[in-house]
Amino acid sequence: MFSAMLGEAWHAMGANRLRTFLTMLGMVIGVSAVVLMMAIGQGAEASVKRSISAMGSHLFVVLSGPPRMGGARTATGNAPSLNVRDATAMNELYGVVGVAPVTMGKGQVVYASNNWNTDIIGTTPEYMDIRGWSLSAGYPFSSSDTRSATRVALLGKTVVQNLFGEEDVDPVGKTIRINQRPFVVLGVLDSKGQTLDGRDQDDTIIVPLTTAQRKLFGNQLPGTVRQIMVQAESDNVMGMVEEALNSLLNQRHNIREGADSDFSVRNLTAIANSAAETARTMSLLLGAIASVSLLVGGIGIMNIMLVSVTERTREIGIRMAIGARERDILMQFLLEAIMISIVGCLIGIVIGVGGAILVSAFTQAEVIISSASVLIAFSVAASIGVFFGFYPARKAARLNPIEALRYQ
Amino acid sequence: MQQAVISVNHLYKAYQTAAGDFPVLKDVNLQVLTGDYVAIMGPSGSGKSTFMNILGCLDMPSAGSYVLDGYAVATMSADQVAKVRNQTIGFVFQGFNLLARASLLDNVALPLVYAGVSKEERHARARVLLEKVGLSKHMHSHPNQISGGQQQRVAIARALVNQPRLILADEPTGNLDSTTSEEIMAIFDGLNQEGITIVLVTHETDIAEHAKRQVRFLDGKIVQDTGVTTQGGSAG
Ligand SMILES: Nc1ncnc2c1ncn2[C@@H]1O[C@H](COP(=O)(O)OP(=O)(O)OP(=O)(O)O)[C@@H](O)[C@H]1O
Ligand SMILES: [Mg+2]
């Protein structure tokens, strides 16, 4: 009985191919949009999550200069207000597991005939652990390098590519020039990819703090730094550490209560988490917008099913006259609606997945096609078939047989 | 005593129109016994089709009772009525009413779908009936590929496929020429001989003469009835 009805529904779909196709198109577009949008949204979420974990966890950055509204950080002409002794003092705070003073600037790097302009980070060895950097070759510099300001450097992958090109040159041990001065390459950093805001984290060189201060950016007061990275022990002590940092620096910088401070403490983890939240909201929003097209597809199905019921009124009358029950007629039209939406949905999934693969192939954007999103799209489409098919089907089932037979 | 397949008492039917109720059947009484062969005649508009539709459980009377095969139709549920239409009655229409999209075989087998019969058996039984009405060669044709007379044979095969006790036919030869009409009537005659009760509507006297009993409608009433025929031989 059921298989007979399935066969008939299949037949009915084939009876008016163009119309079935156009009706299905609504479903196809809706489902492929949902699948594609979810793939892009989930991809974005995943890459945000990855860059958060690449950034390092439980992180604060203490910036020199007064806190600014809105969080915009612009270069000030003033000398940095933080110094290395501040960093040493922070190390003593309860809950702090790592501190790394950081100074940074731009540098022109040369190897053989290759030229590259990149970010130079001057810091202490602790920085590697705090930011979660590891090395793919060579080894890191040590605190003795920082003490004696040796000219050694760790190169990011992008820098290596641009200086050493495609050739199979091992950069470790080679001498490069940063702002005219020779540096020995000590190691190569593992790739981290892009930051949340799309900057290439591998386009960087790490050198000892003192080397940077004395030999690269010589115009600064000795010992001062623009920022200090602080890593807390766990999420639980974040609040406490933030307060401790503020009171420590206020005390060290002789800032009275109520006066403007000359530094600012920022919870990087919180900022990153809010970025993740934004990404999730975006992906939900994309899904919601795509779902609207699914809804429109459903309305298209309902519309066509209503037309179909009217057109086939006589057929319904004949079926009733030879013994079809109300639920037989109901099932017949419901099955037809469900079949249109499911076939449309399957095509939509294929197109959506294909589109997602194309997007990932032609853009840098990461996409994730999860079986959950495909399953959700599928079940939503099937429910739309039931939901929007039910009213027309019930209309058909409620027809009076003799009136249906008289219908011309 | 022969059991009454159809027992109609004080049946009224009025159509609701914009100008108010429009009475079509006015106190119709009719008993049809098993094995009977009744031809209903009467002028156009006298209510014959209205009456047939009520007999076929396609329409409901405004008042009066209709007892079919011992059961009062008015008390049946919608599903029970559907079952009656499926299994007790075979209805043959003037306009054939075949499904254009389905093959002849599927058309004939369709009532069996609603009876929950398996596909193999559906097709086997439909094939037997198409053979019986002489259309086994056209099994896989579609209704628009065969003549009117052939379409009516298919419709009769469909009406018979669930082995009903009662065949109702509203002007089954109304759209056919006289030769074809005779062929169709020969089928009905044979069915009646097999014991199936037949009630048909016709305008033509020579068609009506195939039946054992003639009933005449005029203005919503039965004005003439050749009477309940005595059963030829098989009476019990
Ligand atoms: N659905 C309807 N609504 C209103 N009036 C109707 C309806 N169906 C039939 N009638 C009226 O009822 C009367 C009887 O119609 P019916 O079809 O039963 O006549 P009939 O005897 O079968 O005629 P014919 O020989 O032409 O087929 C007619 O006057 C017709 O106009
Ligand atoms: Mg009529």
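Residues numbered from 1 in each chain as written. Chains lettered and ligands numbered in written order. Predicted model: local features only at pLDDT ≥ 70, side-chain atom pairs only at ≥ 80, totals over all residues. Heavy atoms only, no water.

Notes on the pattern of salt bridges
Consideration 1: This structure, assessed with the given rule, holds 20 salt bridges over all chains.
Consideration 2: A salt bridge links Asp119(A) to Lys106(A); its shortest N-O distance comes to 3.1 Å. Of this pair, Asp119(A) sits in strand S4 (residues 114-123) while Lys106(A) sits in strand S3 (residues 96-111), and the two are 13 residues apart along the sequence.
Consideration 3: Relative accessible area serves as the criterion here: at 52%, Lys106(A) is assigned to the exposed category.
Consideration 4: Put simply, Asp59(B) and Lys13(B) hold a salt bridge, and the shortest N to O gap is 3.3 Å. Separated by 46 residues along the polypeptide, Asp59(B) in the loop between helix H1 (48-55) and strand S4 (63-68) and Lys13(B) in strand S1 (residues 4-17) bring together distant segments of the chain. (Salt bridge = Lys/Arg side-chain N within 4 Å of Asp/Glu carboxyl O. Helix = DSSP H or I, 4+ residues; strand = E, 2+ residues; numbered from the N terminus. Buried < 20%, exposed > 50% of the residue type's maximum accessible area, 1.4 Å probe, protein only.)

Examining the side chain of Gln152(B)
Consideration 1: Within the fold, Gln152(B) resides in helix H5 (residues 148-160).
Consideration 2: In this structure Gln152(B) touches Val92(B), Phe93(B), Gln94(B), Phe96(B), Pro172(B), Leu176(B) and Ile184(B), once residues within four positions along its chain are discounted. (Contact = heavy atoms within 4.5 Å.)

Description of the nonpolar core
Consideration 1: Ranked by internal contacts, the top residues of the largest apolar core, which has 79 residues, are Ile6(B), Phe51(B), Leu68(B) and Val199(B).
Consideration 2: With eleven residues, the top contributor of residues to this core is helix H11 (residues 326-362) of chain A.
Consideration 3: With sequence-adjacent residues up to four places away left out, Ile6(B) is seen in contact with Leu30(B), Gln31(B), Val32(B), Leu55(B), Tyr66(B), Val67(B), Leu68(B), Leu166(B), Leu168(B) and Val199(B).
Consideration 4: The next biggest cluster of nonpolar side chains, apart from the first, holds 40 residues, and it includes Ala39(B), Val108(B), Ala169(B) and Leu176(B). (Core = buried A, V, L, I, M, F, W, Y, C linked by side-chain atoms within 4.5 Å.)

Here we look at the confidence of the model for chain A
Residues and elements named next belong to chain A.
Consideration 1: Overall, the prediction assigns chain A a mean pLDDT of 86, with 95% of residues at 70 or greater.
Consideration 2: By mean pLDDT, the top-scoring element of chain A is helix H10 (residues 313-321) (95), and the lowest-scoring one is helix H1 (residues 2-15) (79).
Consideration 3: Under a pLDDT of 50 for its full length, residues 69-77 has, in the predicted model, eight contacts with residues more than four places off or in other chains. (pLDDT = per-residue confidence, 0-100.)

Focus on the domain arrangement of chain A
Consideration 1: The domains assigned to chain A are domain 1 (2-51 + 278-406) and domain 2 (80-261).
Consideration 2: Computed over C-alpha atoms, the centres of domain 1 of chain A and domain 2 of chain A are 55 Å apart. (Domains from an automatic or database assignment.)

Details of a nonpolar patch on the surface
Residue and element names in this part refer to chain A.
Consideration 1: On the surface, Leu18, Phe21 and Leu22 cluster together to form a nonpolar patch covering roughly 330 Å² of accessible area.
Consideration 2: By secondary structure assignment, the location of Leu18 is in helix H2 (residues 17-55).
Consideration 3: Take Leu18: its relative accessible area is 57%, and that puts it in the exposed class. (Patch = residues over 30% accessible without salt bridge, like charges linked within 9 Å, V, L, I, M, F, W, Y side chains within 5 Å. Areas by Shrake-Rupley, 256 points an atom, 1.4 Å probe, with all protein chains shown as cover.)

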